[in-house]
Amino acid sequence: MEKLQAMATQVRRDIVRMVHGVQSGHPGGSLGCTDFMVALYFKIMKHNPSFHMEGANEDLFFLSNGHISPLFYSVLSRSGYFPVAELGTFRKLNTRLQGHPATHEHLPGVRIASGSLGQGLSVALGAALAKKMNGDQQFVFCLTGDGELQEGQNWEAIMSAAHHKADNFIATVDVNGQQIDGPTAKVLNVESLEAKWVAFGWEVLHMNGNDMNDVVATLELAKSKCGAGKPICILMKTEMGKGIDFMEGTHEWHGIAPNDEQLAKAFAQLPSELADY
Amino acid sequence: MATLADFPVQNEKETRAGFGDGIYEAAKINPKIVALTADLAGSLKLNNFIKDFPERFVQCGIAEANMIGVAAGLAIVGKIPYTTTFANFSTSRVYDQIRQSVAYSDKNVKICASHAGLTLGEDGATHQVLEDIGMMKMLPGMTVIVPCDYNQTKAATMAIADHQGPVYLRFGRPKWPNFTAENGSDFVIGKAQLINEGTDVSIFACGHLVWMAMQAAVELAKEGINAEVINIHTIKPLDVDAIVKSISKTKCIVTAEEHQINGGLGDSVAQVAAKHCPCPQEYVAVNDSFGESGTPAQLLKKYGLDSSNIIAAAKKAIARKG
């Protein structure tokens, strides 16, 4: 557990450094989902950093809210998919670390482009169905945002996954209650998420996405509930900007970068646990 | 020397039936093939596939956006998914899903689209997509195929299973003369098909209008006009060499397609001509309008897509050579 927390701190340092380095990107959601992604890649998933697109007999992860790419890239690199030093190329010309995740440049660990919201659940469902056709016992994970659920395609996928009994599919919703134009409840209320997912035929779990113990325990519980005819949804409460006090509790840091002074303040709150890139 | 006599009409069949028979045959050979539909399994003639390969069929319901994403996910794990619905719902309804999850992500998804164009008929303009070739050919990496008859649709359906990468396969609803090789041996992706050699005008056609171009060539011959007819079944990648070779000889062009005048086959051919061999070109296509209800024959006549329009366009193109 301490190792996971140390990794989460290092990943948060990576995120703010990447976004600061190119003065663009999305730190808020990335910081909020850090504990979840670290738990997934360093504890929960069976996966192979030598990377084969088909991922036979591996767990697969799909990031639907592709704008939290700094987090995805940091976790992939620190898992061994590509050199950590490459994080310094984020959002720059002629690199593999595109603003939003893409397969076009063949970045190991990324299986689908995402950024235009609402498409990841469908793709993850297709992968889950293919695994079932192949008799592959491993799991398919997907992360979406809560604001992202305003896109109608999600509900097509949610309906379809239950209909097809995709019980190897664990979808997590980042319930941070924020989106670009303000609180989700004000922009377009998506609640009650639990009632909606249950009504669509999913098993629904809750977790505190910024409590590593709870994240690990809930993801393990979700895996244990697979194979019972229902896909699993985890409603994950997070704080956008988690770990850096002046970024927490607001949507203001959804898509802006810290300046030099803010970066120094952020680093002061995140002691380097491993080594910066 | 290819002539019209090499293509006797064997029967009349729906191109969509060629798809249904093609995917069934392909599935027998290739266990990776999966069929998806958005509540149109019957219209796309998937009955035999579903009967013999139920475990490889995914009914997606009336949820096309999800179907495209599911197909991308299936492809990631190594399947060869064929999505099926009407052409309108295969393209304009799901353009962003195709763009991001299939084309940009380079997924091996086959987007199979029936009921394309005016010949869908009585359902009217809501269903008569006339912009799909343009939308699909604009996507980097997308292969776009518009076969001309039952045999060719069956051959194309089987061929795309062995072609790595995203494909848009466009076909139609009505019974139509069937004249290409029964075994599909005359179909190669990306290779234009010479139907009739000629010297006076090059008629490039795709889909149902290849037959109209053949009819036009017969009539033109009676007036001493020797028309070359070439079936451009693959709009992308375009067989540039075949087009340049033909227009270097004939020095004028007619393009014929069941599609808007903007963005379709005609514009693809015009790009080649402008670069390699500029010469007069006449378009036989829908002139920037929506369709309407009617029988296929009525609609092709009203919107200027039948053989008489191709004949008139050929004469005009020849006259413009000066």
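From a predicted model like this one, the values you see are computed outputs, not experimental measurements.

A. Highlighting the overall build of chain B. In terms of helices and strands, chain B carries twelve helices and 14 strands. A globule of 322 residues ought to have a C-alpha radius of gyration of about 20 Å, and chain B, at 19 Å, matches this closely. The principal-axis extents of the C-alpha atoms in chain B amount to approximately 60 × 35 × 35 Å. The buried share among the 322 residues of chain B stands at 64%. Across chain B, every contact between residues at least 6 apart in sequence was considered, and the portion connecting residues at least 24 apart equals 81%. Put simply, chain B shows about 11,400 Å² of open surface, and 52% of that area lies on carbon and sulfur atoms. Distance between charge centres in chain B, computed from 30 positive and 33 negative side chains, equals 3 Å.

B. Summary view of the interface of chain A and chain B. Between chain A and chain B, the contact holds 31 residues from the first and 24 residues from the second. The largest contributions to the chain A side of the interface with chain B come from Gln119, Met133 and Glu156 of chain A, which together make up 23% of the buried area. At the junction of chain A with chain B, the criterion picks out zero salt bridges. Here chain A and chain B share 16 residue pairs in polar contact (both at pLDDT 80 or more) between them. Of all the secondary structure elements, the ones that give two or more residues to the side of chain A that touches chain B are strand S1 (60-63), helix H5 (120-133) and helix H6 (152-163) of chain A. Considering every element that reaches the side of chain A that touches chain B, the biggest residue donor is H5 of chain A, with nine residues.

C. Representation of the sheet that holds strand S13 (residues 253-260) of chain B in the model. All names here are of chain B. Across the sheet, five strands lie side by side as S9-S11-S10-S13-S14; this open sheet has mixed pairing. Both outer strands of the open sheet, strand S9 (193-196) and strand S14 (281-286), are each paired with one neighbouring strand and no more. In this sheet, neighbouring strand axes are inclined to one another by 25° on average, regardless of whether the strands run parallel or antiparallel. Inspection of the sheet shows S9 paired to strand S11 (residues 227-231) by three bridges, in the antiparallel sense. From the neighbouring strand, Asn196 faces S11, where its bridge partner is Val229.

D. Structural view of the domain arrangement of chain B. Residue and element names in this part refer to chain B. Splitting chain B by domain gives domain 1 (11-178) and domain 2 (188-321). Between the C-alpha centres of domain 1 and domain 2 there is a distance of 25 Å. Across the contact, 37 residues belong to domain 1 and 35 residues belong to domain 2. Around 2,700 Å² of area is buried between domain 1 and domain 2 when both sides are counted, 62% of it from carbon and sulfur atoms. Inspection of the region where domain 1 meets domain 2 yields zero salt bridges. Seen at the junction of domain 1 and domain 2, the total is 25 residue pairs in polar contact (both at pLDDT 80 or more). Elements that contribute at least two residues to the side of domain 1 that touches domain 2 include exactly helix H6 (132-137), strand S6 (143-145), helix H7 (150-159) and strand S8 (175-178). No other element matches the four residues that H6 contributes to the side of domain 1 that touches domain 2. Of the residues assigned to the side of domain 1 that touches domain 2, the class counts are 18 nonpolar, twelve polar and seven charged.

E. Inspection of the packing of aromatic side chains at higher detail. By the definition in use, this model includes 16 aromatic pairs over all chains. Measuring from ring centre to ring centre gives 5.7 Å for Phe246 of chain A and Trp253 of chain A, while their planes differ by 65°; the resulting arrangement is edge-to-face. Relative accessible area serves as the criterion here: at 24%, Phe246 of chain A is assigned to the partly exposed category. A centroid spacing of 6.0 Å and a plane angle of 25° characterise the contact between Phe86 of chain B and Phe89 of chain B, whose relative ring orientation is stacked.

F. Structural detail: unusual backbone geometry. At the junction of Glu191 of chain A and Ser192 of chain A, the peptide bond is cis and its omega measures out at 0° in the coordinates. With respect to the helices, strands and loops of the structure, Ser192 of chain A is situated in the loop between helix H7 (184-187) and helix H8 (193-199). A cis geometry characterises the amide bond from Lys236 of chain B onward to Pro237 of chain B, with omega recorded as 0°. Within the secondary structure layout, Pro237 of chain B lies in the loop between strand S12 (234-236) and helix H9 (240-250). In this model, Asp39 of chain B sits at a positive phi of 65°, which is unusual for a non-glycine residue. Its location among the elements puts Asp39 of chain B in the loop between strand S2 (33-37) and helix H2 (47-52). Classification of Asp39 of chain B as partly exposed rests on a relative accessible area of 45%.

Conventions we followed
Residues numbered from 1 in each chain as written. Chains lettered and ligands numbered in written order. Predicted model: local features only at pLDDT ≥ 70, side-chain atom pairs only at ≥ 80, totals over all residues. Heavy atoms only, no water. Helix = DSSP H or I, 4+ residues; strand = E, 2+ residues; numbered from the N terminus. Rg over C-alpha atoms; globule rule 2.2 N^0.38 Å. Buried < 20%, exposed > 50% of the residue type's maximum accessible area, 1.4 Å probe, protein only. Contact = heavy atoms within 4.5 Å. Areas by Shrake-Rupley, 256 points an atom, 1.4 Å probe, with all protein chains shown as cover. Lys, Arg positive; Asp, Glu negative; His and termini not counted. Charge placed at Lys NZ, Arg CZ, Asp CG, Glu CD. Buried area = accessible area lost by both parts, 1.4 Å probe. Salt bridge = Lys/Arg side-chain N within 4 Å of Asp/Glu carboxyl O. Polar contact = N/O pair within 3.5 Å; in protein donor to acceptor, adjacent residues only side chain to side chain. Pairing = 2+ DSSP bridges. Axes fitted to C-alpha atoms, helices over the stretch in contact; angles between N-to-C directions. Domains from an automatic or database assignment. Nonpolar A, V, L, I, M, F, W, Y, C, P; charged D, E, K, R; others polar. Phe/Tyr/Trp six-rings, centres within 6.5 Å; stacked < 30°, edge-to-face > 60°.

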